[in-house]
Amino acid sequence: MRFSRTSRAARGGVWASALLSIVAAVNSGAAGAASAEPSYKPPLALNGTASLMWRAGDDERVIRLTDGGYKQVGSAWSTVAVDVNNSFQTKFTAHIRDGRSGADGIAFVVQGEGPRALGGWGGGMGYKGIHDSVAIEFDTYRNPKDPDDNHLAVVLGGDPDHPAVVGRTGIPLKDEPFRARVHYDADATRLRVYVRPTTEGAKEQLVLDHEVELADRAGIDRAWVGFTGATGDLTARQDVYQWTLGPAQS
Ligand SMILES: [Ca+2]
């Protein structure tokens, strides 16, 4: 586990207090919290090639899952497990760019393995082989079983060759940054994933709407949540930033 010294020194206290409130809210089923939709920036455990960067000119942290090298794999998990029997919402911006062809993509993953979980490179996108998991992949490279090089999918059991559902989108997932929103309705066990360009006024598009019980698939009530990303013979620099996580209405 590695932390930025800056994050610990300057922001640790803020995160810690925000964390306590969010954990309390999530554990209480978000009662009374729905209207405010509080969210926090999770503290992180980093594995493989994942590192924390800082955007020039401000204190916005960037999770760099891969930095453009070949056959890289990285993961970043919230160090505090989230009770996925309760509804939650998470938002983040991703930017997949540079390198050769912008491969392979990233995934938002809910898993029961722990804060050291790290899967396979290339088309494994960093989550392949994490068996107790639900991955929402943002896939920018067409492997033999993929529909194209710009799709989303819900993948169970760490098996990218057999997605539970695939969603295609006209919104480019590489070169330009995109904004994603994941909403989990725990009562209906329904996962919905939206994306939009980051340009002002851009409309959000619902790409995935799938029934899945996260606690069952993660094999645990209090799961680790975060991101994975990988490269192979083709590469990219893959960043996630402006990540927030919080309780949500059903
Ligand atoms: Ca792929």
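Please read these numbers as outputs of a predicted model, since none were measured by experiment.

Give a description of the coordination of the calcium ion that names residues and reports values.
Note on the calcium ion: its protein donors are Asp139 (OD), Asp139 (OD), Tyr141 (O), Asn143 (OD1) and Asp146 (OD). The metal-donor distances range over 2.3 to 2.5 Å. For the calcium ion, the donor residues sit on a single chain with the sequence spacing D-x1-Y-x1-N-x2-D. Asp139 sits in the buried class, given a relative accessible area of 1%.

Hey, could you go over the environment of Gly48 for me, with residue numbers and the actual values?
Along the chain, Gly48 turns up in strand 1 (residues 44-48). Given a relative accessible area of 46%, Gly48 falls into the partly exposed group. A C-alpha to C-alpha distance of 8.9 Å links Gly48 and Thr66, two positions 18 residues apart in sequence.

Report on the sheet that holds strand 12 (residues 190-197), specifying residues and quantitative values.
In spatial order, the strands read 2-3-15-6-11-12-13; together these 7 strands make up an open sheet with antiparallel pairing. Of all strands in the sheet, those bounded by a partner on one side alone are strand 2 (51-54) and strand 13 (205-211). Pairwise comparison of adjacent strand axes, ignoring direction, gives a mean angle of 25 degrees for this sheet. Of the pairings in the sheet, the one linking strand 12 to strand 13 comprises 6 bridges and is antiparallel in character. Of the residues in strand 13, the one forming a bridge with Arg190 is Glu211.

How would you explain the packing of aromatic side chains if you had to name every residue and give the values?
Across all of its chains, the model carries 7 aromatic pairs by this definition. Ring geometry for Phe92 and Phe227: centres 4.7 Å apart, planes at 75 degrees, overall edge-to-face. You can see Phe92 sitting in strand 6 (residues 88-97) and its partner Phe227 sitting in strand 14 (residues 222-230), a full 135 residues away along the chain. There is no split in this pair, since Phe92 and Phe227 are both buried. Put simply, the rings of Phe92, Phe108, Phe138, Phe178, Phe227 and Trp243 pair up and form one aromatic cluster.

Could you give an account of the pairing of strand 6, with specific residues and numbers?
The element strand 6 is extensively covered by neighbouring structure, given that 9 of its 10 residues are classed as buried. Pairing of strand 6 with strand 11 (residues 178-185) involves 7 bridges; the strand directions are antiparallel. Residue pairing in the sheet places Gln89 in a bridge with His183 of strand 11. Sheet topology places strand 6 next to strand 15 (residues 237-247); 9 bridges connect them, and they run antiparallel. Its bridge partner lying in strand 15, Thr90 is registered against Leu245.

Give a description of unusual backbone geometry that names residues and reports values.
Across residues other than glycine, the phi torsion is negative in most instances, and most of the peptide bonds are trans. Following Ala103, the chain continues into Asp104 via a peptide bond in cis, with omega recorded as 10 degrees. Within the fold, Asp104 resides in the loop between strand 6 and strand 7 (105-111). Despite not being glycine, Met125 shows a phi value in the positive range, around 55 degrees. Looking at the secondary structure, you find Met125 in the loop between strand 7 and strand 8 (133-139).

Conventions used here
Along every chain, residues carry numbers that run from 1 in the direction the sequence is written. For this predicted model, a pLDDT threshold of at least 70 governs which residues receive local features, and a threshold of 80 or more governs which side-chain atom pairs are given and counted, while totals over whole chains, interfaces and linings are taken from all residues. Think of the side-chain values as coming from all heavy atoms in the structure, minus any hydrogens and water. Sites may look incomplete, because water is not among the atoms used; the donor set itself consists of N, O and S atoms within 2.8 Å of the metal (3.2 Å for Na, K and Ca). For every residue, the accessible area (1.4 Å probe, protein chains only) is compared with the maximum for its type, and the residue is labelled buried under 20%, exposed over 50%, or partly exposed between those bounds. Where helices and strands are cited, they refer to DSSP runs of H or I of at least four residues and of E of at least two residues respectively, numbered from the N terminus. Strand pairing follows a simple DSSP-based rule, namely that at least 2 bridges must link the two strands. Throughout, an axis means a line fitted to C-alpha atoms (over the contacting stretch in the case of helices), and angles, computed between N-to-C directions, take values from 0 to 180 degrees. Each Phe, Tyr or Trp ring, with Trp reduced to its six-membered ring, pairs with another whose centre is within 6.5 Å; inter-plane angles below 30 degrees give stacked pairs, above 60 give edge-to-face pairs, and intermediate values give tilted ones.

Keep in mind these values describe shape, not function.
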